[in-house]
Amino acid sequence: STYGRPAMRFRKGVAFAAEAGIALGPILFILAILGLLAAAIASGGGSFNNSSASEAARTHAAALIQAGNLLKVGFSRLIGGGVEFDSIVIDPNSTANDTDLFSPSGGSVNVPMNTLANNPASDGWHYPLAALPQLGTSATDRVALLKVSKALCNQVNIKANAISTDVDNGTLGADVGDVTTASLTGAASWPTPLIGQEVGCLKNTNAATPGYFYFQVLGIR
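Residues numbered from 1 in each chain as written. Predicted model: local features only at pLDDT ≥ 70, side-chain atom pairs only at ≥ 80, totals over all residues. Heavy atoms only, no water.

## What to know about the side chain of Arg142
Consideration 1: For Arg142, the location among the structural elements is in strand β4 (residues 141–148).
Consideration 2: Within the buried core, Arg142 has no salt-bridge partner, and the shortest N-O distance to an opposite charge, that of Asp86, equals 5.1 Å.
Consideration 3: A polar atom in the side chain of Arg142 sits 2.7 Å from the backbone oxygen of Tyr127.
Consideration 4: Excluding its chain neighbours within four sequence positions, the residues that come into contact with Arg142 are Phe75, Phe85, Ile90, Tyr127, Pro128, Leu129, Gln216, Val217, Leu218 and Gly219. (Helix = DSSP H or I, 4+ residues; strand = E, 2+ residues; numbered from the N terminus. Buried < 20%, exposed > 50% of the residue type's maximum accessible area, 1.4 Å probe, protein only. Lys, Arg positive; Asp, Glu negative; His and termini not counted. Salt bridge = Lys/Arg side-chain N within 4 Å of Asp/Glu carboxyl O. Polar contact = N/O pair within 3.5 Å; in protein donor to acceptor, adjacent residues only side chain to side chain. Contact = heavy atoms within 4.5 Å.)

The following block contains the structure:
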């Protein structure tokens, strides 16, 4: 350099400082990092979505189990108040009598929502009688059932019974009957891992009402 000034480069009569190209290095490095981050986010998008879906299923399972437990508490309240087992009325449209599960003077519980059902628009709660194995006597019990998604069904079994077996593996499936009828005709075929459990989720293979069903035993006799 001359008089402390940086050396100059000349091209076609135009002068450039020798340091003019030094700033390109950090810029290219930053661009490379941004490219790697974009690729990582794109590749990890599926994992993030799966994680979110699993977390939602766990949260919904906890809410569903709580809803079923409230129904059981209301049923027990009626029994404790002297209402006969077969006299308890479980009808969302009957909410005024002392024998009604959903009456303030009866079971004093709210009608459960269908928001956690597999199809909230068409899948509702059912309350059939069922002679469940290893629960009470040979007389029928009262059961609440709701059709749910497979993911929710699996999470219910994990939370309620520490059963991590996938509901599709066969041991949690059986033809327990048409859940819309007054009594489950196939209750004796209850899946072995769920026998004796008052809450859980099974795969019903019945042709009339197939699918995954959350269940809560409301009353045993």
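Continuing now.
## Description of the pattern of salt bridges
Consideration 1: The final tally for this structure, using the stated rule, is six salt bridges.
Consideration 2: One salt bridge in this structure joins Lys150 and Asp166, with 3.4 Å as the shortest N-O distance. With Lys150 in helix α2 (residues 150–161) and Asp166 in the loop between α2 and β5 (173–174), the pair connects residues that are 16 residues apart, well separated along the chain.
Consideration 3: A relative accessible area of 31% places Lys150 in the partly exposed class.
Consideration 4: A residue is classified by how much of its surface remains accessible, and Asp166, at 32% relative accessible area, is partly exposed.
Consideration 5: Linked by salt bridges that have partners in common, Lys150, Asp166, Asp168 and Lys203 make up one network.

## Digging into the state of the cysteines
Consideration 1: Throughout the structure, instances matching the rule amount to one disulfide.
Consideration 2: A sulfur-sulfur separation of 2.0 Å characterises the disulfide bridge that pairs Cys153 with Cys201. Judged by the torsion about the S-S bond (-115 degrees), the Cys153/Cys201 disulfide is left-handed. Linking Cys153 in helix α2 with Cys201 in strand β6 (residues 199–204), this pair joins segments that are 48 residues apart in sequence. When sorted by exposure, Cys153 lands in the same class as Cys201, which is buried. (Disulfide = S-S within 2.5 Å.)

## A short note on the sheet that holds β4
Consideration 1: With mixed pairing, the five strands of this open sheet are ordered in space as β3-β4-β7-β6-β5. What marks the edges here is a single partner per strand, and that holds for β3 (129–130) and β5.
Consideration 2: Bridging between β6 and strand β7 (residues 211–219) involves six bridges; their strand directions are antiparallel. What sits directly across from Asn204, in β7, is Gly211.
Consideration 3: In this fold α2 packs onto β4, β6 and β7, with an angle of close to 145 degrees to the strand it touches most, β6. (Pairing = 2+ DSSP bridges. Axes fitted to C-alpha atoms, helices over the stretch in contact; angles between N-to-C directions.)

## A short note on the pairing of β4
Consideration 1: The buried fraction of β4 amounts to seven of the eight residues, a majority that puts the element mostly inside the structure.
Consideration 2: The pairing of β3 with β4 spans two bridges and is classified as antiparallel. Of the residues in β4, the one forming a bridge with Leu129 is Arg142.
Consideration 3: The pairing of β4 with β7 spans seven bridges and is classified as antiparallel. Opposite Lys147, over in β7, you have Phe213 as the bridge partner.

## Describing the packing of aromatic side chains
Consideration 1: Per the stated rule, a full pass over the model turns up four aromatic pairs.
Consideration 2: Their ring planes at 65 degrees and their centres at 6.4 Å tell us that Phe102 and Tyr127 sit as a pair that is edge-to-face. On the criterion of sequence distance, the pair formed by Phe102 in the loop between α1 (24–80) and β3 and Tyr127 in the loop between α1 and β3 is long-range, its members being 25 residues apart.
Consideration 3: Residue Tyr127 is classed as buried on the basis of its relative accessible area of 14%.
Consideration 4: Aromatic pair Trp190 and Phe215: ring centres 5.0 Å apart, planes at 80 degrees, arrangement edge-to-face. (Phe/Tyr/Trp six-rings, centres within 6.5 Å; stacked < 30°, edge-to-face > 60°.)

## Regarding α2
Consideration 1: End to end, α2 covers 16 Å across 12 residues, agreeing with the expected 16 Å (1.5 Å per residue, within 8%).
Consideration 2: Remark: Ala162 follows α2 within two positions and exhibits a positive phi of approximately 55 degrees. (Expected span 1.5 Å × (residues − 1).)

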